[in-house]
Amino acid sequence: MPSWMMEASPLGEGNTFLFKEKPLHFLGRLMGHLTLSCAETDQEISCGAVEALRAFHRFILVRQSRLAAREDPKLRVERESASTLWPKGPADEATVTSASLALGVLAVGLAGDSDEPVRQPSGGTHGLPPIELRGPTTSPQGVAKGFSPASAQQLRPSWPPIFGSCLLPTERRDFLLTVLRSMAHPRVSDTQPIANMLEVALRGSCSELTELVEDSSRAEDYLHQSLPYLQSPLEPLREAAVRFIGLVGRQLRDGGQEKLQVIYDALSIQYFANLSESFHGFYKSIYRTQEGELRVLAATQFEPTAARMAFPCFDEPAFKARFSITIRREPKHLALSNMPVVKSVTITPCLVEDHFDTTVKMSTYLVAFIVSDFKSISKITSHGVKISVYTVPDKINQAHYALDAAVKLLDFYEDYFSIPYPLPKQDLAAIPDFQSGAMENWGLTTYRESALLYDPEKSSASSKLWVTMTIAHELAHQWFGNLVTMEWWDDLWLNEGFAMFMEFVSVSVTHPELRVEDYFLRRCFDAIEVDSLNSSHPISTPVEDPAQILEMFDNVSYKKGSCILNMLRDYLTADVLKAGLVQYLQKYSYQNTKNEDLWNIMTNICPTVGSDKNELQGDGFCRSQQSSSNAHWTKGETLDVRAMMDTWTLQKGFPLVTVTVRGKNVHLQQERYMKGVNSPSSTGYLWHIPLTYITSKSDTVQRFLMTTKADVIILPEEVEWVKFNVDMNGYYIVHYEDDGWDRLINVLKENHTMISSNDRASLINNVFQLVSINKLSISKAFDLTLYLKHERQIMPVLQGMNELIPIYRLMERRDMDGTAKQLKEYIINLFKDLIDRQSWSDEGSASERLLRHSLLLFACVHRYQPCVDKAKGYFTEWQKSNGTLSLPADVKTAVYAVGAQTSEGWDFLLSKYRLQLFNVERENIELALSLSRSKDKLQWLMDQGLRGDIVRTQDLPHIIVFVAKTPSGCHLAWTFLKENWEKVVEKFELGSNSVATIVTGVTSRYSTRSQLAQVKEFFSSLEEKSARLRCVQQAVETIEDNIQWMDRNFEKVKTWLQNNQL
């Protein structure tokens, strides 16, 4: 195993902690548990302890606001009036804080090295000059404002004494006393000696202060009064602190206070750890070469809270720092990190030490390093950035597409954001074992192999789309997330929602042939599915512990976040949104932000509609809008983006808009859409909804901002029909009262192309959502689906299948009278003509190929005989060739699925799955193997996934879900989950998306009260953290909804099918 060592900047980002500053100053910050940069890009601030106390004060207030927000998510603590705030914690924690604070203030008083009175320099804070603690003379992004250009070796700090002539300026003394009062805990009395010391420091004379530390033993006594409250993990800090204060005392006795400026020391923490066996921290990954040789590599995955597993650090996104990393490795290996290697030193013939350039200012979760035997290919972007794709040597020929895509996408983002990519290189590395899809580490993005590698001869159109979108997502993070980072994980969507939104913005330009706009709606439908449950959460949600943080990486943060941004773009226009995003990134570069920071920027971009000074051209809303209602955007009206978007980010769920047409009057009413047997009242929920609509008389999009529970639009003339939420750019669903749905269904039957394919897909989704809450009958929804026999576009076809197939799965589990079989035949007949038209080839556009893949897989799995016969023929020929026959990439899954239905075919597929030659097709083969009717084979497959030898453990979650969806495997998967719960959690982490996928996937088709009781009983038997997982609540709610749905609709579906034969 290669040895490694890291060396990083001050206060907690690495193996070696270097402090180039005065010991007592350092001690004050150390004992206050602060991790401060000594400069911020937007203002000059010093490393003085006064500033440290201010920052610590702010840190405590943030903590308090999070605690308060637990009780009331809408509560916003005023940071300025916090003199009485203190998180209600144990007394020993409060004692440590109060004692540390006092020591910090004392340290300030002792830090001066001249008698020069305090001055307030221009741009400074609290009169203390800016200073750089450590770092190179230059950095890739240039010297940040507030830093001196001095190198660490040349650094000689010069602190004006905080007291002037040993007395604080009044305003500073009052400030520090206020801080002390706000930190002191009323139940603690042990801090009185420290408080007395503070009073001396604040009000005393020079002689009193000098007496306090002239006797080093006395100073150490004071220090020891606070040290017992520090816990054992801080033992190295305790010892260093004692050593420092003793050193200061001796220096004062020997030569006076002026000698403090030449005291330097370094705090080194020696620590050891094994490589992690999970997928987070600094972990081990294994792969086999084509010759069967087993090789080991080590890679990192730190987001959200695993950097602490690799090195001691203040592992929170707001604590940004520069990192200098050094890695020792064997000569046969390659080391990668965020920055390029600046030098390599041969330590021994068997050991090389790589020194990487110092990073830009960034959060700990973005640090990354890999030690491997990877090979790479490289190109230079038009802006001069070196792009490299790294992979295991045998797969380097599959890296070319990703390299070309990354070059195009990075160039696009640099131009779009008007902010240069700040690093000299961007590496993309394919890791054999990787839990998620990818990770945005700055300068070293990491990927699951299937998310980065593409073989033009073997990979499908869906694989190409996924690779492109994943790269676009991670490169968008280099700005959204890396350059500007959310302050805390409760605003994770500022990272993930933006990156997912920018996938579509960027790829639609760089790869127009993929037609990514065809798939955006699917993301919004997925978000609606979880957001319709009471267990959902606001996009911006207070979180504290690691499990809660991991739970934020869900469809709400990612997909809902991207959908509301798309809605905002439609509201403001693309140009205005872009201008706002660029200004947001420029203002907050290398900093952390909150939800409201973004909305304030957006509001200020174009604050008044119709004013000449702010008017932007385009078909948007930063201009006058003529209206027939006071609720329209009108000339001179302020567009309060924050007020609008707060309704979408600070409350969970989404609105249902009910439309009732009365002549020319369109009556509107909004309420919260929510499924559930005992759904709580939606009273109190109100959204600012940017409504759009078209009518039978005009396909010009009309716009209306609804900010009240009810409103009325007056049309210029009566119409036959009206369709709201044009192209479903808004994150809401619509119900048409009276004969509104009948009129739209008639439009689809007579000429469905009168409205767009996205509008047709949204009608399909909305009508079934309304059935779920008993607003519409199931027969009305099935009436609408009849038109699908003539549909040819991918989004409406796939949405129709996504609504009908789950209903079939529910009925399949409980079918006693053949209704499920009838429903399956109806679905097949609905799409039969389209299925029969498919060529078994890779011809056509990306959308046509993706549609072919979905249709043929559906038809073969559901035993549509012409499809089964065709697939059997292909599989037989492929088997006869011993796997050498080249099958069309987009039909392979259907062929494998049919072949796996026999024992011989299943075994043959498994034999090919184990070969490296078929690595590109692993996921297709896994799906086929999961469709077996043999319970023994399904059990073996899941067991192997947990073991990780033949089936990679990273693939276990979706294998379990595949198995759970089959009639043979539904009970097997549930039993497997129960028996292996602890192993699954140990491997994938409590709260992770992987665990959530398994829990919800296994139970999503349960629809009986006995199944509900089993699920509740199992999870209630677990420890509280597991039982309270959001995915468990989602599973329970979904089963309850399924039970209710079946009770209400089973007989109605049966009757409808009997009366409507295709």
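In this text, all values refer to a predicted model and were calculated from it rather than measured experimentally. Along each chain, numbering runs from 1 in the same order as the chain's sequence is written. In keeping with the predicted nature of the model, local features appear solely for residues at pLDDT of at least 70, side-chain atom pairs appear and are counted solely at 80 or more, and the whole-chain, interface and lining totals rest on all residues. Hydrogen atoms and water are omitted, and side-chain values are computed over all heavy atoms in the structure.

Peer 1: Can you break down a nonpolar patch on the surface residue by residue, with the values?
Peer 2: The residues that make up patches have over 30% relative accessible area and no salt bridge, and they are joined within 9 Å when like-charged or within 5 Å when they are Val, Leu, Ile, Met, Phe, Trp or Tyr. We get accessible surface area from the Shrake-Rupley algorithm with a probe of 1.4 Å; when it comes to residues, only the shown protein chains can shield them. The working definition used for a salt bridge is a side-chain nitrogen of Lys or Arg within 4 Å of a carboxyl oxygen of Asp or Glu. Together, Ile-286, Leu-294 and Val-296 give the surface a local cluster of nonpolar side chains, amounting to about 230 Å² of exposed area. Counting from the N terminus, the helices are DSSP H or I runs at least four residues long and the strands are E runs at least two residues long. Checked against the element boundaries, Ile-286 lands in strand S4 (residues 281-288).

Peer 1: Before we move on, could you go through the sheet that holds strand S11 (residues 375-380) and cite the residues and values that matter?
Peer 2: Any two strands are treated as partners once DSSP identifies two or more bridges connecting them. Reading across from one edge, S11-S12-S13-S15-S14 is the order of the five strands in this open sheet, with mixed pairing throughout. One side of each edge strand has no neighbouring strand; the edge strands of this open sheet are S11 and strand S14 (438-439). Where S11 meets strand S12 (residues 386-391), six bridges bridge the pair, whose relative direction is antiparallel. Bridge pairing links Ser-378 to Ser-388 in S12. Should any heavy atoms of two residues lie within 4.5 Å, those residues are considered in contact. Fitted lines through C-alpha atoms serve as axes, helices being fitted only where they are in contact, and the angles separating the N-to-C directions of these axes extend from 0 to 180 degrees. The strands touched by helix H10 (residues 461-477) are strand S13 (425-431), S14 and strand S15 (444-448); relative to S15, the strand with the most contacts, the crossing angle is about 150°.

Peer 1: Account for helix H14 (residues 555-572), with residues named and values stated.
Peer 2: Here the expected span of a helix is defined as 1.5 Å times the quantity of residues minus one. Taking 1.5 Å of rise per residue, 18 residues should cover 26 Å, and H14 covers 24 Å from first to last C-alpha, within 8% of that figure. Exposure categories follow from relative accessible area, calculated using a 1.4 Å probe and restricted to protein chains: below 20% of the type maximum is buried, above 50% is exposed, and the middle band is partly exposed. Burial runs high along H14: 15 of the 18 residues are buried. Thr-573, located one to two residues past H14, shows a positive phi value of around 85°.

Peer 1: Summarise the packing of helix H27 (residues 922-930) against helix H29 (residues 956-964); cite the residues concerned and give the values.
Peer 2: Closest axis-to-axis distance for the H27/H29 pair is 8 Å, and the angle between their directions is 35°. Between H27 and H29 lies a crossing whose hand is right-handed. Across the interface between the two elements, Glu-926, Leu-927 and Ser-930 of H27 pack against His-958, Ile-959, Phe-962 and Val-963 of H29. Three residue categories are used. Nonpolar comprises Ala, Val, Leu, Ile, Met, Phe, Trp, Tyr, Cys and Pro, charged comprises Asp, Glu, Lys and Arg, and polar comprises the others, including Gly. By residue class, the composition of the contact of H27 with H29 is four nonpolar, two polar and one charged. By definition, turning the near helix anticlockwise from the far helix through less than a right angle yields a left-handed crossing, and turning it clockwise yields a right-handed one.

Peer 1: I'd like a description of the nonpolar core, backed by residues and values.
Peer 2: Grouped together as the largest cluster of nonpolar side chains are 278 residues, with contacts concentrated most on Ile-471, Met-502, Leu-668, Phe-724, Phe-782 and Trp-981. Not counting residues within four places of it along the chain, the set of residues in contact with Trp-981 comprises Leu-990, Val-995, Val-999, Phe-1018, Phe-1019, Leu-1022, Ser-1026 and Leu-1029. As used here, the term nonpolar core means buried Ala, Val, Leu, Ile, Met, Phe, Trp, Tyr and Cys residues forming a set that is joined through side-chain atoms within 4.5 Å.

Peer 1: Now, about the packing of helix H15 (residues 574-587) against helix H16 (residues 595-605): what can you tell me, with residues and values included?
Peer 2: Two elements in contact, H15 and H16, have axes whose closest approach is 9 Å; the angle formed by their N-to-C orientations is 130°. If you check the angle between H15 and H16, you find them oblique. Of the two possible hands of crossing, H15 and H16 adopt the one that is right-handed. Every residue of H16 that contacts H15 at Val-576, Leu-577, Ala-579, Gly-580, Leu-581, Gln-583, Tyr-584 and Lys-587 is listed here: Asp-597, Leu-598, Ile-601, Met-602 and Ile-605. The labels follow the angle: roughly parallel below 35 degrees, roughly antiparallel above 145, roughly perpendicular from 65 to 115, and oblique for the rest.

Peer 1: A description of the packing of aromatic side chains should follow, citing residues and the corresponding values.
Peer 2: Aromatic rings from Phe, Tyr and Trp, with only the six-membered ring used for Trp, were paired whenever their centres fell within 6.5 Å, and each pair was classed as stacked if the ring planes differed by under 30 degrees, edge-to-face if by over 60, and tilted otherwise. All told, the structure shown has 49 aromatic pairs when counted by the stated rule. Where Tyr-421 meets Trp-479, the ring centres are 6.1 Å apart and the plane angle is 50°; that geometry is what we call tilted. With Tyr-421 in the loop between helix H9 (400-417) and S13 and Trp-479 in the loop between H10 and strand S16 (484-486), this pair connects stretches of sequence that are 58 residues apart. Residue Tyr-421 is classed as buried on the basis of its relative accessible area, which comes to 5%. Its relative accessible area of 1% is what places Trp-479 among the buried residues. A ring pair is formed by Trp-878 and Tyr-896, whose centres lie 5.0 Å apart and whose planes are at 45°; its orientation type is tilted. With Trp-878 in helix H24 (residues 865-880) and Tyr-896 in helix H25 (residues 892-899), this residue pair connects regions lying 18 residues apart in the sequence. The buried category is assigned to Tyr-896, whose relative accessible area is 1%. Ring pairing ties together the aromatic residues Phe-412, Tyr-413, Tyr-416, Phe-417, Tyr-421, Trp-479, Phe-480, Trp-493, Phe-498, Tyr-584, Tyr-588 and Trp-599, which thus form one cluster.

Peer 1: I'd like a rundown of the environment of Asp-833, residues and numbers included.
Peer 2: Looking at where Asp-833 falls in the secondary structure, it is placed in helix H22 (residues 819-836). Remark: the alpha-carbon pair of Asp-833 and Glu-791, spanning 42 residues in sequence, is separated by 10.0 Å. If we skip the residues at most four places from it in the chain, Asp-833 touches Lys-789 and Arg-792.

Peer 1: Run through helix H20 (residues 778-785), naming residues and quoting values.
Peer 2: The set of residues buried in H20 consists of Ile-778, Ala-781, Phe-782, Leu-784 and Thr-785. Each buried residue of H20 lies within a common arc of 155° when the element is viewed along its axis, so the set occupies one face. In this structure, the buried residues of H20 make contact with helix H18 (740-751), helix H19 (757-772), helix H21 (794-814), H22 and helix H35 (1030-1059). It is the directions from the helix axis to the C-beta atoms that the arc portrays.

Peer 1: So what's going on with the state of the cysteines? Residues and values would help.
Peer 2: A pair of sulfur atoms, both from cysteines and within 2.5 Å, is called a disulfide here. In the structure shown here, the tally under the stated rule is two disulfides. The side chain of Cys-524 participates in a disulfide bridge whose partner is Cys-563; the two sulfur atoms lie 2.0 Å from each other. Linking Cys-524 and Cys-563, the disulfide has an S-S dihedral of approximately -110° and is accordingly described as left-handed. With Cys-524 in helix H12 (residues 520-531) and Cys-563 in helix H14, this pair connects stretches of sequence that are 39 residues apart. As far as the burial class goes, Cys-524 and Cys-563 line up, both buried. A disulfide bridge connects Cys-860 with Cys-867, and the sulfur atoms are separated by 2.2 Å. Because the torsion about its S-S bond is -85°, the bridge between Cys-860 and Cys-867 counts as left-handed. Cys-867 shares its class with Cys-860; the two are buried.

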